[in-house]
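The residues making up each chain are set out below.
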Amino acid sequence: MEFSKQKAEMIERLQAQGIKDPMVLQALDTVPREKFVPVAFMHKAYAEEALPIGFGQTISHPYTVARMTELLAVHNGMRVLEIGTGSGYQSAVLCELGVHLFTIEINRTLARRAQKILQQQKYYCAARSGDGNLGWPAMAPFDAIIFTAGAAAIPERITGQLKEQGRLLIPLGSGQEKTLTLYLQAGGKLESLAREKFIFVELKQPQSD
Ligand code: SAH
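Note that this is a predicted model, so its numbers are computed, not measured. (Residues numbered from 1 in each chain as written. Predicted model: local features only at pLDDT ≥ 70, side-chain atom pairs only at ≥ 80, totals over all residues. Heavy atoms only, no water.)

Engineer: It is not clear to me how the overall build of the protein chain should be interpreted in this structure. Could you clarify?
Structural biologist: A tally of helices and strands in the protein chain yields five helices and nine strands. Computed over C-alpha atoms, the radius of gyration of the protein chain comes to 16 Å, within 12% of the 17 Å expected from 2.2 N^0.38 for 209 residues, which places it in the range of a compact globule. The dimensions of the protein chain, computed from C-alpha atoms along their principal axes, are 50 × 35 × 35 Å. Looking at the protein chain residue by residue over its 209 residues, the buried ones come to 49%. When the accessible surface of the protein chain is split by element, carbon and sulfur atoms take 51% of a total near 10000 Å². Seen as two clouds, the 23 positive and the 21 negative side-chain charges of the protein chain have centres 5 Å apart. (Helix = DSSP H or I, 4+ residues; strand = E, 2+ residues; numbered from the N terminus. Rg over C-alpha atoms; globule rule 2.2 N^0.38 Å. Buried < 20%, exposed > 50% of the residue type's maximum accessible area, 1.4 Å probe, protein only. Areas by Shrake-Rupley, 256 points an atom, 1.4 Å probe, with all protein chains shown as cover. Lys, Arg positive; Asp, Glu negative; His and termini not counted. Charge placed at Lys NZ, Arg CZ, Asp CG, Glu CD.)

And the structure:
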């Protein structure tokens, strides 16, 4: 199947929705989103939809991935921690921007599947299965930390793993609608820079399912 037309339409739509960063648009134009969705949904890969990837999880809408990436404002060589690998699509977009990515996924099957696809697509990152609430202390500190699932509050082990002037992006709140909140680590404190409403799945606690 040929996806170039659908992809071009997605990029136009993202621009119309307000995505401006040319690097982000370029990254989304390069990553083959169809490789990160289940075969049964490939035809919808570039639609503005969150598609099921199994285990009650979804690959985020293109706009969500684009906007999160834009807010995170990463560049080449930064060390970035992603919590919630899911399909691996957001991971691929971050790798495309040249970051040194560390990604954690709590569901082992999803973690393995995403790792395989990322490797096949030549996106080399450090990926593991585990509880993202704990961060990845051995690899800290990070220039940026991104949560792709929503939490009631910032997990307490996370902030210590963020560099001074580092950015933290996390969907906060209870219920389906979350407030995607962008923080800057400044003088040992988190300063909130932006808030936007989005729908996200819940960040799991290891004992929950
Ligand atoms: N951006 C991803 C979104 C995946 S959905 C994509 O486009 O595919 C969020 C993911 O977070 C799910 O795969 C879920 O299993 C994972 N997750 C939930 N709680 C987690 C936790 N505590 N630690 C790590 N991953 C978690």
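There is more to say, and it comes next.
Engineer: Is there a simple way to think about the state of the cysteines in this case?
Structural biologist: Disulfide: a covalent bond formed between the sulfur atoms of two cysteine residues. On inspection of all chains with the given rule, the structure shows zero disulfides. Summary of cysteine pairing: Cys-95 is not part of a disulfide, and the nearest cysteine sulfur, belonging to Cys-125, is at 4.5 Å. Accessibility expressed as a relative area gives 13% for Cys-95, which makes it buried. (Disulfide = S-S within 2.5 Å.)

Engineer: Can you walk me through helix α4 (residues 89-96) in this structure?
Structural biologist: In an α-helix, one full turn covers 3.6 residues, which means residues spaced three or four apart are oriented alike. For α4, the tally of buried residues reaches seven of eight residues, placing the bulk of the element in the interior. Trailing α4 by a residue or two, Gly-98 shows a phi angle of about 85 degrees, which is positive.

Engineer: Before we go on, may I ask you to explain the pairing of strand β7 (residues 162-172) in this structure?
Structural biologist: Every regular strand shows the same layout, with side chains that alternate between the two sheet faces. Looking at chain direction, strand β6 (residues 142-147) and β7 are connected through four bridges and run parallel. What sits directly across from Phe-142, in β7, is Leu-162. Of the strand pairs in this sheet, β7 and strand β8 (residues 177-186) are connected by six bridges, and their pairing is antiparallel. Bridge pairing links Pro-171 to Leu-180 in β8. Connecting the antiparallel pair β7 and β8 is a turn made up of four residues, with Gly-173 showing a positive phi of about 125 degrees. (Pairing = 2+ DSSP bridges.)

Engineer: What exactly am I supposed to notice about the sheet that holds strand β4 (residues 100-105) here?
Structural biologist: Across a sheet, paired strands are connected by hydrogen bonds in the backbone, their directions being either parallel or antiparallel. A sheet is described by the order of its strands in space; here seven strands give the open sequence β5-β4-β3-β6-β7-β8-β9, paired in mixed fashion. Both outer strands of the open sheet, β5 (126-129) and β9 (189-199), are each paired with one neighbouring strand and no more. Averaged over all pairs of adjacent strands, the angle between their axes in this sheet comes to 15 degrees, without regard to strand direction. Sheet strands touched by helix α5 (residues 108-120): β4 and β5. Its angle to β5, the strand with the most contacts, is close to 160 degrees. (Axes fitted to C-alpha atoms, helices over the stretch in contact; angles between N-to-C directions. Contact = heavy atoms within 4.5 Å.)

Engineer: Can you help me understand the packing of aromatic side chains in this one?
Structural biologist: The full count for this structure, using the stated rule, is six aromatic pairs. Between Phe-3 and Tyr-46, the aromatic rings sit 5.9 Å apart at their centres with planes inclined by 45 degrees, giving tilted as the arrangement. Pair noted here: Phe-3 is in the segment before α1 (4-16) and Tyr-46 is in the loop between α2 (22-30) and β1 (51-54), with a separation of 43 residues, a long-range link. For the pair Phe-3 and Tyr-46, a shared accessibility class is recorded, and that class is buried. Here the aromatic rings of Tyr-63 and Phe-198 are separated by 6.0 Å at their centres, their planes lie at 20 degrees, and the arrangement is stacked. (Phe/Tyr/Trp six-rings, centres within 6.5 Å; stacked < 30°, edge-to-face > 60°.)

Engineer: Before we go on, may I ask you to explain the site of the ligand in this structure?
Structural biologist: The full set close to the ligand counts 24 residues, and Ser-87, Glu-105, Asp-131, Gly-132 and Lys-204 are the nearest of them. Taking Asp-131, its side chain carries an N or O atom lying 3.0 Å from a nitrogen atom of the ligand. Measuring from a nitrogen atom of the ligand, one finds a side-chain N or O atom of Asn-133 at 3.4 Å. Considering the ligand on its own, with 570 Å² of exposed area, one finds that the protein chains cover 99% of that surface. For the shell around the ligand, the secondary-structure elements that each account for two or more residues are β2 (57-59) and β4. Sort the elements by how many residues they give to the shell around the ligand and β2 lands first, with three residues. Classifying every residue of the shell around the ligand by side-chain character gives eight nonpolar, twelve polar and four charged. (Near = heavy atom within 4 Å. Polar contact = N/O pair within 3.5 Å; in protein donor to acceptor, adjacent residues only side chain to side chain. Nonpolar A, V, L, I, M, F, W, Y, C, P; charged D, E, K, R; others polar.)

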